[in-house]
Structures are given as structure tokens and as C-alpha cells.
Amino acid sequence: MTVGFLGFQTTIASPVTLSGIGVHSGSPVSITFQPADPGTGIIFSRSFADGSSVEYKAVSSNVGNTDLCTVLGTSLPRSVATIEHVMAAFYALGLDNVIVEVEGAEMPIMDGSSFPFIEAIESAGMVNLGEKRRYIRVLKPVRIESGASWSEFRPYDGTRFEVEIDFEAPLIGRQSWKGDLTANVFRDELSRARTFGFMRDVERLWAAGFALGSSLENSVVISDDNTVVNVEGLRFVDEFVRHKTLDAVGDLALAGAQFIGCYRSYRGGHKMNANALKALMSDPTAYEVVEAPSRSQRVRAREFVPVKVQELAPSVG
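Cut-offs and rules
Residues numbered from 1 in each chain as written. Predicted model: local features only at pLDDT ≥ 70, side-chain atom pairs only at ≥ 80, totals over all residues. Heavy atoms only, no water. Axes fitted to C-alpha atoms, helices over the stretch in contact; angles between N-to-C directions. Helix = DSSP H or I, 4+ residues; strand = E, 2+ residues; numbered from the N terminus. Parallel < 35°, antiparallel > 145°, perpendicular 65-115°, else oblique. Left-handed = near helix turned anticlockwise from the far one by under 90°. Contact = heavy atoms within 4.5 Å. Nonpolar A, V, L, I, M, F, W, Y, C, P; charged D, E, K, R; others polar. 1 Å grid on protein atoms, 1.4 Å probe; cavity = no way out; pocket = protein on both sides within 12 Å on 5 of 7 lines; lining within 4 Å. Points joined across faces, edges and corners; volume = space filled by probe spheres on them. Core = buried A, V, L, I, M, F, W, Y, C linked by side-chain atoms within 4.5 Å. Buried < 20%, exposed > 50% of the residue type's maximum accessible area, 1.4 Å probe, protein only. Pairing = 2+ DSSP bridges. Salt bridge = Lys/Arg side-chain N within 4 Å of Asp/Glu carboxyl O. Phe/Tyr/Trp six-rings, centres within 6.5 Å; stacked < 30°, edge-to-face > 60°. Lys NZ or Arg CZ within 6 Å of the ring centre and 35° of its normal.

Quick look at the packing of helix α1 (residues 84-93) against helix α2 (residues 115-124)
Running from N to C, α1 and α2 cross one another at 45 degrees; their axes reach a closest spacing of 9 Å. The angle between α1 and α2 places the two elements in the oblique class. Read as a crossing pair, α1 and α2 show a hand that is right-handed. Taken together, the residues of α2 that come into contact with α1 (itself represented by His85, Val86, Ala89, Phe90 and Leu93) are Phe117, Ile118, Ile121 and Glu122. The residue inventory of the contact of α1 with α2, partitioned by class, reads seven nonpolar, one polar and one charged.

Right, here's the structure in full:
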């Protein structure tokens, strides 16, 4: 690989606030990214009107529901939902330590992509904390299957995603995206891909209390006659698989550290991503935790050395 990995942990240089609505709740929500010390990780801190608060570290053991989005916490009234687009931005830019202060039940959906979060982080800037960053290096293939769907991790000297989707809807059909993940690749090829849904599902989702904030401003909507309802059309011909890849980046960020390896999936989604990560982290022979051998700003994948540490993201029971 010619692209080096960051050898040091980072945080955001200054606080930055974003406001919008929750795509499922339809309610106003505000979040603030706050700088954090080395070793903090990503912490979501939700405050309530009565003055109480709850904190969740963004790791797989704290994941609750994964049906329509990725949720931290198992108690719905005190959970934090739809974190995947924020987590994808953190992961892609290499942002390790942030406290996300949340006023609301979920992340603001913004335009349905990760791009607003990328812009916010880049406007605030990032700081090198001078402490070694640790990675999870995949040592052997780990695969899960569910019906026709499957996901797997494989060893690879870099961080790579190979995602394929297959929908009966002719407008989508079978699409794939493959590439090594870097900040520039994510920003240019994945970050602007929006969430999508079908007009035929709207009433069912509304009746179940979901997608109450969904609109043409934050979602690509496919009509019953298999056309894109949005006036501006698609941002990419294959925007659907690019968004699924974006989601996978955000879901795998819950490993507790960035990974060195290749993640592949076919007809996956939030639940498959979460279960694949659970399978990897549940097998101590499938991965190792590594760090740079010296205090280096950039490190190649093969230069990392194993270190003995406690679990970065305890596996889900």
C-alpha cells in the first residue's frame, strides 16, 4: 500500500454544532462535537429536559436495534439513534476522540448523507494528540451468512470495502462499489450518497413510528413506477450502493478502533454489518491489536506491531 495509516490519535480542534431534524422522530435535534483527551474514544452524551443525561461509548457492545438504523442503548426512551452517518465521517477522516453532545433522540439527518458532518469537522479542524493510535488487524477470514446475504472480513494490507447490493427494483438492480478507504476517497466517492427508500413503504413506516422526518430534502425516494421522485435526480448513477458502503463504514467504526483488512458484503445492511463485527470480535484468533513501532506520523500496514491490550470493543453477548 502506498497510503500510510495515521500513527497518532486525534481529536477535533474546536467545538462545532449542527442542528436539524431526526429522520425517524421528525423532531428537532442539535448535536455538538467536543474535543476529547487521548483514549476517550467516541462518546455520545444525550441530555434530557429534566436535567439528567446518559452516555454511550460508540462500541459494538452498546449497540441496540439495527433494523432501520444503528442505535446505541437498549432502552428506547434513553437511546441515541441513527449514528452511522456521523460515525462514518469520524472514521473516514481519522477522528478518534470526540464527545458528541446530543439534544434529541437521534442524529440530525441533514441531507441524508455524511457530507455535512465532513464539512463541519473540516471547518473545525483536527488536532494531533501525540499518543499512539491502535488498529485492529484482521488475521483470517471471518464470514457470516443469512439467507442469500453474507458479509465477511478478510486480511488485507490496507482498509478496503467491497459492497454489493441486489434489489428487485429495476432502478437499483445489482450494484457494487469497491475501493481502498482513505479520507479523500470517502469525501469524493461516498460521503454525498444519500439514504433512500420506496414510496410504497412510507405508510407502513409512518404507522410504525418511523421515517416521520423523511422528505425529499434528506432521502432519495423511489416511486411506484420505478423512478426517482427527487427533482434533482441522483448524485451518482450508483448512489444506492455508495450509500450502503457509507453505512458499512459507519457501522464498522463501532469496533472501537480502525481496522486493517477488507470488508466484503452482499445484500447486507446495518444488522449484517453489526453481526459480522460481532463475529470478528468474538474470535480472538481472527484479529490482533497493533500500533506503530515508533512515534511516527504515518505508518504502512505491515509496519504495525502487536500489543497486548484489553478488548477495544467487548463483543456483544
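Text resumes after the structure shown.
Quick word on the layout of surface pockets
In this structure, the largest pocket encloses a volume near 1200 Å³. Lining the largest pocket are 45 residues, with Leu68, Thr195, Phe196, Gly197 and Lys244 sitting closest to its centre. When residues of the lining of the largest pocket are traced back to their parent elements, those giving at least two are α1, β12 (159-166), β14 (196-198), α4 (202-207), β15 (220-222), α5 (239-252) and α6 (270-281). When the residues that make up the lining of the largest pocket are grouped by side-chain class, the tally is 18 nonpolar, 16 polar and eleven charged.

With respect to the nonpolar core
Ranked by size, the top nonpolar core spans 74 residues in total, and within it Phe33, Phe44, Phe90 and Val100 carry the most contacts. Per-element accounting of this core gives the leading share, eight residues, to α1. Residue contacts for Val100: discarding those within four places in its chain leaves Ile31, Thr32, Phe33, Ile42, Ile43, Phe44, Ser45, Phe90 and Met107. Leu6, Ile260, Val299 and Ala301 belong to the second largest nonpolar core, which has nine residues in total.

Re the sheet that holds strand β4 (residues 28-35)
Pairing is mixed in the open sheet, where five strands are placed in the order β3-β4-β7-β5-β6. Only two strands of the sheet have a single partner each, and these edge strands are β3 (16-21) and β6 (53-57). Taking the axes of each pair of neighbouring strands and ignoring which way they run, one obtains an average angle of 20 degrees across the sheet. The pairing of strand β5 (residues 42-47) with β6 spans five bridges and is classified as antiparallel. For Arg46, the partnering residue across the bridge sits in β6 and is Val54. Lying over the sheet, α1 contacts β4, β5 and β7 (98-103), oriented at roughly 150 degrees with respect to β5. Most of the contacts of α2 go to β3, to which it runs at about 160 degrees, and overall it touches β3 and β4.

Some details on the pattern of salt bridges
Taken as a whole, this structure holds 21 salt bridges when the rule is applied. The residue Arg133 makes a salt bridge to Asp96 at a minimum N-O spacing of 2.9 Å. Of this pair, Arg133 sits in the loop between β8 (126-132) and β9 (134-138) while Asp96 sits in the loop between α1 and β7; the two residues are 37 residues apart in sequence, bridging distant segments of the chain. Among the residues examined, Arg133 registers a relative accessible area of 3% and is labelled buried. Put simply, Arg194 and Glu239 hold a salt bridge, and the shortest N to O gap is 2.8 Å.

A few points about unusual backbone geometry
Excluding glycine, most residues fall at negative phi; most peptide bonds, likewise, are trans. Here the phi dihedral of Thr82 falls at roughly 55 degrees; this positive angle occurs in a residue that is not glycine. In this structure, Thr82 sits in the loop between β6 and α1. Here Thr82 falls in the buried class, since its relative accessible area comes to 5%. Positive phi values are uncommon outside glycine, yet Met110 reaches one of about 55 degrees. For Met110, a relative accessible area of 26% puts it in the partly exposed group.

Here we look at the packing of aromatic side chains
To describe a pair of aromatic rings, one takes the distance between the centres and the angle between the planes. Here the structure, examined in full by the defined rule, presents 13 aromatic pairs. Ring plane angle 45 degrees and centroid distance 6.3 Å describe the contact between Tyr91 and Phe259, whose orientation is recorded as tilted. Of this pair, Tyr91 sits in helix α1 while Phe259 sits in strand β16 (residues 258-266), and the two are 168 residues apart along the sequence. The exposure class assigned to Tyr91 is buried, which follows from its relative accessible area of 6%. Residue classification places Phe259 among the buried positions, given a relative accessible area of 2%. Taken together through their ring pairs, the aromatic side chains of Tyr91, Phe153, Phe161, Phe259 and Tyr263 make up a single cluster. For Arg143, the ring lying beneath its charged end belongs to Trp150, and the centroid distance is 4.3 Å. Here the guanidinium or amino end of Arg200 rests over the ring plane of Phe198, the centre of that ring lying 4.2 Å away.

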